[in-house]
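# Structural features, examined
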Amino acid sequence: MSLESDAAALRKIPLFRNVDDQKLRLLAFLSERVRFDAGENLVEEGDFGDTAYIILAGNADVVIQSVNGEQLVATVKENDIVGEIAILIDVPRTATVRATSDLVALAVSKEHFFKLLTNFPDMAVEVMRALAHRLERTTREFGRLRAALADG
Amino acid sequence: MESTLFGFIWRYSKRQQIIILGMTVVSFPILYMTLELPKWIVNDAISGKDFPKSIMGFELTQIPYLIVLCGIFLGLVVLNNGVKYVLNIYKGVSGERMLRRLRYILYNYILRFPLTRFRKVSGGEIIPMITAEVEDVGVFIGEAIATPAFQGGTLLVYIVFIFAQDPFLGAAAVSLYPLQAYVIPKLQRRVIMLTRDRIKNIRVISDRIAETVSAATDIKANDTARYHLADLSDRLFLNYRIRLAIFRRKYMIKFLNNFLNQLPPFFFYSVGGVLVINGSMSFGALVAVLAAYKDLASPWKELLNWYQNLANVSVKYQTVVENFDVDDAVPTHRLDGLGEDAINLTTPTIALSSLAVSGGGSGQEVLDVSMEVKPKARLAVYGRDGSGRSELLLAIAGLLPPIAGRVTIDGHRIDELSHAMVARHVSFVGSEPYIFNDTIRDNIVYSLRTEPRRDGENGGTGDVSSLRYAEATLTGNSLLDISAPWEDYERAGVSDPSELDDRLIELVELVGLEGDLYRLGLAAHLEEQLTESFADKIMTARAEVVRRATEDKSWAGLVELWTSGELNNSATLGENTLFAVPSDPGSRVWEAAFDPTVRDALKTAKVYDLLVDIGASVAATMIELFSDTGADASLIGDYSFLSADEIPLFEQRLRRYNAKPQKPLPQEDADAFVGLAFRLVPGRHRIVTLDAEQEAKIVGAREYVHKALKGNDRYALFDEASYIPPLSVEENILFGKPRVDRRGASERIDNLLRDTVKELGLRDPIARAGLNFEVGVAGGRLSASQRRRIGLVRALVKRPDVLILDAVADGDKALMTRIMDACAEHTLIVGTADPQIAKTLDKVAVMREGRLVAQGPWDSVQQIAIDGVAVEALEKEAS
């Protein structure tokens, strides 16, 4: 349990991949370590959240409400990030994340994240780059799907 | 009250003034002797002959004679200064007593102002009047009569002396006095006018400042700071201009005076010189006249100073008094109710006949209202704000005097009964009751504090101790003792403080404040108010929390309890090491690092160096994270352990720390590092990872620290089995910390705690602790609805026969129902703009535009009350 290990966990997240070591350590210092019991929700669908969680140990299910009740859409584990959209823009949580084992996570709040971005523009550039990569990938995926649909 | 300063001085301090005058006269021969004696010493003793001389039958040779005369001289010097000392103190005391009397009278006038007057005066203007403006008056009073008498007398003696030498020169010496006596008051009058303007301007300034304080929110919201700055700047400029004009005239007076004073010597030299040359006057006489004239200057100057001072102080006195001595002040006998037979008004009928009231111009006046309120009636007075509703209710409560018609209570005109009598039977609560900067309890029992108890309990008689009593008598001040018990238990229907508390809790529950009080009680810090039985109950609750925390997983996951043998990861290292907190809840635990007692204990426990190391690595991390990254000041200020200013300091300290093997670290640096270490919460700040051995070392230090701090009243030592006063009630029950690694632990603990507290029957005692909550300036720490409810409890606790409420329960029907249940035996008059509230009362009087337009049960007046408004609105629209 140290800043170093938390900063190392942050480094594994694509969003922060190219951010300076020192700044990641600062982000780690500003973030909190939180524990969840198995069955506890990290985030709840529909809530307005302001925190992203980086899972340091343990597993969780990502479920969404549908007409047929809860539906499992993914599972997350160590070094995965959940709820990161909430620290970028104000939207309701799109899914519920429920711990399936005892879980330790690093909670990064929107407030701290933005404070760092405004303080360190180079960090903002890196985050933007990561987001652009993701957008590019999504757009490509979307185009491919549309083409597949048109073909179908 | 006396309209002139001298009237006031003469009326209240004749005796003192005469004594001051007497002492001044007595001091005169002594002063004269101290001037005369040196001549004797030189002429008789040192250069004299004919020894031995005899003094009081003793034959003395030259040297003993000299010694005796010098001894007498020394004695006279001491006596002269002694008289001066006594005289000065006496003057000061007389002045201060008069000042006390004046301030007391002025304050008493404020209490006697009719309510309408308070809409026109502001605290910002009144405060400087009573505090600063009259201050000079007190200083002046000691000099008021003695100075002109003494200096005038001296002047007269010199003038007579000059006339005796030569009437012509005497006439020359005083020739210009008539001119001065004519010109100077003229100039002075202008100065007086300017002084008045200046005082008024200063009042406006202090009023503006008071407004700025009250309007802080609106000023910021509207960004009008520049407007206010310009306004104040303008006022200050006006002040400057007035002061400049005053200076010009004041020093012109001085100039004229000096000039006219130095003119006569011109005549003495010219005319007197000619006379001497012609031989019609002796040279000696001219010299004597010149010397005497020189002596005239000093008393004349003193007199002039006194005159200017008098003019200044008089104008201050008048400008203050004219604001207080108002024609419509409530007569004193109505205020204190002395000499009034107790009138029995237990089941009063209130009757209004052709009542007309003015609320001071702002609200709608009440016109020609007649009605009767029977005992135990439940009447609603329905009307919008500005309908005359509030004014009508104030008039019924005897707070606004009628301008025509009358309000009677059992046949007695309410504006002729004393306030004491009315307040005993009638309670009024407005929508914004004033809440004093005191505890909730004090704010409630405020209504019981009409007179000190004289029951001999606590040994008090209700009168202040003898010296205070004597002084208060001398200055016409209040003789009542503020420290005596003032709560009138009988009026509240209880017999002792604990019963009163029961009653308060009952009433608090009645108005729905109990939940708030419980929360305030949990957050309360109890010291003097802590009773043993309460502490015992808290200890029971603590034991219960411990039991649940070990048994129940949901508790265990939320709270990290204090145990003497284990590190608490959710608490600071400071609390962990000391296992104690500072006794003053306002001071921080890390301040203990600078306490030598603590330092020695830590050194004995061999944990000091470890803490210095931890502190140094905290400092290094802070500098690396915040300074090396170039973070800006806001980030540093919000999150860093070190402020932006401290960072360079700690950089130097770190350099010295790293050079430690060669050079020992200065004590100051080591303490600063320990202070940093003390702020660390291991579970939250993951800067330093403690291994098991280090943890054991820190936990082990507790024993040494406790031994060193035992009996030290600056620290409260933790003990699993005792109440720790600097911690809040909640922290005492929990005796641990919400886990820092659980989201929302505090809220969840609150919920769990609520159940535990309820099961143990602790809710009531904790709510009682909430009665000790300090509400802040004007109740600023409470919400408007809480303040209103406290006002309501304040009115209910004195068990009034008639309860008058104005817009207190609007929008809260449940509260209204509860009030009705509580007041089953009393008359209830409720002003409201809420139809739902009006509906609950038996009878409704509808007010509109100052007139009573309908009366009867709600169903019968509803049409007029509600639709009337609608019709009116339609008419407006149509026109």
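Here's a quick rundown of the structure. Counting of residues starts from 1 at the beginning of each chain's written sequence and follows it residue by residue. To read the labels, note that chains go from A and ligands from 1, taken in the order they are written. It should be noted that, the model being predicted, local features are given only for residues of pLDDT at least 70 and side-chain atom pairs only at 80 or more, the latter also being counted only at that level, while totals for whole chains, interfaces and linings use all residues. Side-chain descriptors were evaluated using all non-hydrogen atoms of the structure, hydrogens and water having been removed beforehand.

### A short note on the overall build of chain B
What counts is decided by this rule: Runs of H or I in DSSP of at least four residues are treated as helices and runs of E of at least two as strands, each being numbered from the N terminus. Our radius of gyration is a C-alpha quantity, and the globule rule it is checked against amounts to 2.2 Å times the number of residues to the power 0.38. Burial classes: relative accessible area under 20% of the type maximum marks a residue as buried, over 50% as exposed, and values in between as partly exposed (1.4 Å probe, protein chains only). Only heavy atoms enter the contact rule, under which two residues are in contact if any of them lie within 4.5 Å. Charged residues are defined here as Lys and Arg on the positive side and Asp and Glu on the negative side; His and the ends of the chain fall outside this count. Charge coordinates come from a single atom per side chain, which is NZ of Lys, CZ of Arg, CG of Asp or CD of Glu.
When helices and strands are tallied, chain B shows 34 helices and 16 strands. In summary, chain B has a C-alpha radius of gyration of 39 Å against a globular reference of 29 Å for 879 residues, an excess of more than 25%. With respect to the principal axes defined by its C-alpha atoms, chain B has extents near 125 × 95 × 65 Å. Expressed as a percentage of the 879 residues in chain B, the buried residues total 46%. Considering only intrachain contacts with a sequence separation of at least 6, the fraction spanning at least 24 residues in chain B is 75%. Between the centroid of the 98 positive side chains of chain B and the centroid of its 112 negative side chains there is a distance of 6 Å.

### Focus on the sheet that holds strand β8 (residues 103-109) of chain A
Residue and element names in this part refer to chain A. Note the following rule: At least two bridges found by DSSP between two strands are what make those strands a pair. Axis definition: a line fitted to C-alpha atoms, limited for helices to the stretch in contact. Angles are taken between N-to-C directions and run from 0 to 180 degrees.
Strand order in the open sheet formed by four strands is β1-β8-β3-β6, and the pairing between neighbours is antiparallel. Of all the strands in the sheet, the pair left with one neighbour each is β1 (32-36) and β6 (81-82). Across two bridges, strand β3 (residues 51-57) lies against β6 in antiparallel orientation. Residue I54 lies in a different strand from β6, and its bridge partner there is I81. Along the sheet, helix α1 (residues 3-11) contacts β1, β3 and β8; its crossing angle with β3, the most-contacted strand, is approximately 110°.

### Some words on the packing of helix α2 (residues 62-112) of chain B against helix α3 (residues 123-133) of chain B
Residues and elements named next belong to chain B. Short version of the rule: Should an angle fall under 35 degrees it is taken as roughly parallel, and over 145 as roughly antiparallel, whereas 65 to 115 is taken as roughly perpendicular and any remaining angle as oblique. The handedness criterion is simple: a crossing whose near helix is rotated anticlockwise from the far helix by less than a right angle is left-handed, and one whose near helix is rotated clockwise is right-handed. Note that Gly is not counted as nonpolar here; it falls among the polar residues with everything else outside the nonpolar set of Ala, Val, Leu, Ile, Met, Phe, Trp, Tyr, Cys and Pro and the charged set of Asp, Glu, Lys and Arg.
Running from N to C, α2 and α3 point in directions that differ by 160°, and their axes come no closer than 9 Å. Classified by the interaxial angle, the pair formed by α2 and α3 is roughly antiparallel. The two elements α2 and α3 meet at a crossing, and its hand is left-handed. Contacts from R103, L106, Y107 and I110 of α2 reach α3 at I126, I130 and T131. Looking at the contact of α2 with α3 residue by residue, the class counts come to five nonpolar, one polar and one charged.

### Focus on the pairing of strand β16 (residues 851-856) of chain B
Residue and element names in this part refer to chain B. Note: strand β15 (residues 843-848) against β16, five bridges, orientation antiparallel. When the sheet's bridge partners are listed, A845 is paired in β16 with Q855. The turn linking β15 back onto β16 is made up of two residues, and E849 within it adopts a positive phi angle of 50°.

### Here we look at the environment of S31 of chain A
Residue position: S31 of chain A is located in the loop between α2 (21-30) and β1. Residue classification places S31 of chain A among the buried residues on the basis of a relative accessible area of 2%. The residues touching S31 of chain A, leaving out its near neighbours within four places in the chain, are L106, A107 and V108 of chain A together with R686 of chain B.

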